[in-house]
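Overview (structure and organization)
As a plain string of letters, each chain reads:
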Amino acid sequence: MHIPYPFNPGYTMNWFLLSLINHHLDQLLARYARLQVLRVDLFYKTGSWRFSNHSWHDTQREVRALIEKVMLLSDTVGYFWVLESTRKHGCHAHIVFYLNGHTNQATYPVAERVCAVWQDITEHQGYYNRCEYKPSYVAAIDIGEPVNYNDEAGVNGLRYIISYLAKEEQKSGQYIWGYNEIPPPSGLGRPRRQ
């Protein structure tokens, strides 16, 4: 089977989720010429009540509350999230936030808001990890750098990075995800050259 998107071969991909994630990215790139990307992982502290007692449904409810607040408090233009569960981390979420790269120059302030909102929602029983570039990563891009719609290498590097959300591992047969609808391109600005 030919897969039209770059993905991390270290994991077994759920092809439906991979297609959905990439279609969402395609819609964002059709609407916004430059994207600034933030990927975060949300967990509950080991030993906390939430770590021991939260179900997939409880975690999903809290992730949706976080997304709603972050979308109101920042200039985030898109998001895609999935839930997973492991013995070590319990039920947790992986989220990709997309910001308009022309109006936003850094992801750090949004990451700080995500942390503060998650702390508030979880009553300080949660923590987060901001995923940052490491030279040992196979993806040839720094996730902290903006990606232009016409930068094929950058877009493919981003596709490789976000494919992590589509992995089969750690989902235990539970496929729970969420994303926002992207409006069609506004038609404003210079026409794009193909």
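Structure shown above.
Quick caveat: nothing in here was measured; it's all calculated off a predicted structure. (Residues numbered from 1 in each chain as written. Predicted model: local features only at pLDDT ≥ 70, side-chain atom pairs only at ≥ 80, totals over all residues. Heavy atoms only, no water.)

**Considerations on the packing of helix α3 (residues 56–73) against helix α4 (residues 108–121)**
As a packed pair, α3 and α4 sit with axes 10 Å apart at the nearest point and diverge in direction by 140°. With respect to α4, the axis of α3 lies oblique. Handedness of the crossing formed by α3 with α4: right-handed. Contact with α3, carried on its side by Glu62, Val63, Ala65, Leu66, Lys69, Val70 and Leu73, involves Val110, Arg113, Val114, Val117, Trp118, Asp120 and Ile121 of α4 and no other residues of that element. (Axes fitted to C-alpha atoms, helices over the stretch in contact; angles between N-to-C directions. Helix = DSSP H or I, 4+ residues; strand = E, 2+ residues; numbered from the N terminus. Parallel < 35°, antiparallel > 145°, perpendicular 65-115°, else oblique. Left-handed = near helix turned anticlockwise from the far one by under 90°. Contact = heavy atoms within 4.5 Å.)

**Comments concerning the pairing of strand β2 (residues 76–86)**
Across the 11 residues of β2, 9 count as buried, placing the element largely inside the fold. As paired elements, β2 and strand β3 (residues 90–100) share 10 bridges and run antiparallel to each other. The residue of β3 that forms the bridge with Trp81 is Ile95. Counting the residues in the hairpin turn of β2 and β3 gives 3 residues. In this sheet, strand β6 (residues 177–179) lies alongside β2 in antiparallel orientation, the contact comprising 3 bridges. Considered in β6, the bridge of Phe80 is made with Tyr179. (Buried < 20%, exposed > 50% of the residue type's maximum accessible area, 1.4 Å probe, protein only. Pairing = 2+ DSSP bridges.)

**Things to note about the packing of helix α1 (residues 15–31) against helix α5 (residues 152–162)**
At their nearest, the axes of α1 and α5 sit 10 Å apart, and the two run at 145° to each other. In this structure, α1 meets α5 at a crossing whose hand is right-handed. Between α1 and α5, the contacting residues are Ile21, Asn22, Leu25, Asp26 and Leu29 on the first element and Val155, Leu158, Arg159 and Ile162 on the second. Here the residues of the contact of α1 with α5 are counted per class, giving 6 nonpolar, 1 polar and 2 charged. (Nonpolar A, V, L, I, M, F, W, Y, C, P; charged D, E, K, R; others polar.)

**Focus on unusual backbone geometry**
Here the phi dihedral of Gln170 falls at roughly 75°; this positive angle occurs in a residue that is not glycine. Structurally, the position occupied by Gln170 is in the loop between α5 and β6. According to the relative accessible area criterion, Gln170 is partly exposed, its value standing at 30%. The phi dihedral of Ser172 is positive, around 50°, even though this residue is not glycine.

**Brief notes about the environment of Gln119**
Within the secondary structure, Gln119 sits in helix α4. The sequence separation of Gln119 and Gln36 amounts to 83 residues, and the corresponding C-alpha distance is 24 Å.

**A closer look at the pattern of salt bridges**
Two side chains that carry opposite charge are able to pair once their charged atoms sit near each other. Going through the model one piece at a time under the given rule, you end up with 8 salt bridges. For Glu62, the salt bridge is made with Arg50, and the minimal N-O distance between the two is 2.9 Å. Within this pair, whereas Glu62 is found in helix α3, its partner Arg50 is found in helix α2 (residues 49–53), the two being separated by 12 residues in sequence. Here Asp58 and Arg61 are joined by a salt bridge, their closest N and O atoms 3.4 Å apart. With Asp58 and Arg61 both in helix α3, this residue pair falls 3 residues apart, about one helical turn. Here the residues in one salt-bridge network are Arg50, Glu62 and Glu123, joined through shared partners. (Salt bridge = Lys/Arg side-chain N within 4 Å of Asp/Glu carboxyl O.)

**Thoughts on the packing of aromatic side chains**
All chains considered together, the criterion is met by 6 aromatic pairs. An angle of 25° between the planes, with centres 5.1 Å apart, marks the rings of Phe43 and Tyr127 as stacked. Here Phe43 is found in strand β1 (residues 34–44), whereas its partner Tyr127 is found in strand β4 (residues 126–131), with 84 residues between them in sequence. Classification of Tyr127 by relative accessible area gives partly exposed; the value is 30%. One Lys or Arg, Lys167, reaches over the ring of Tyr164 and ends 3.9 Å from the middle of that ring. (Phe/Tyr/Trp six-rings, centres within 6.5 Å; stacked < 30°, edge-to-face > 60°. Lys NZ or Arg CZ within 6 Å of the ring centre and 35° of its normal.)

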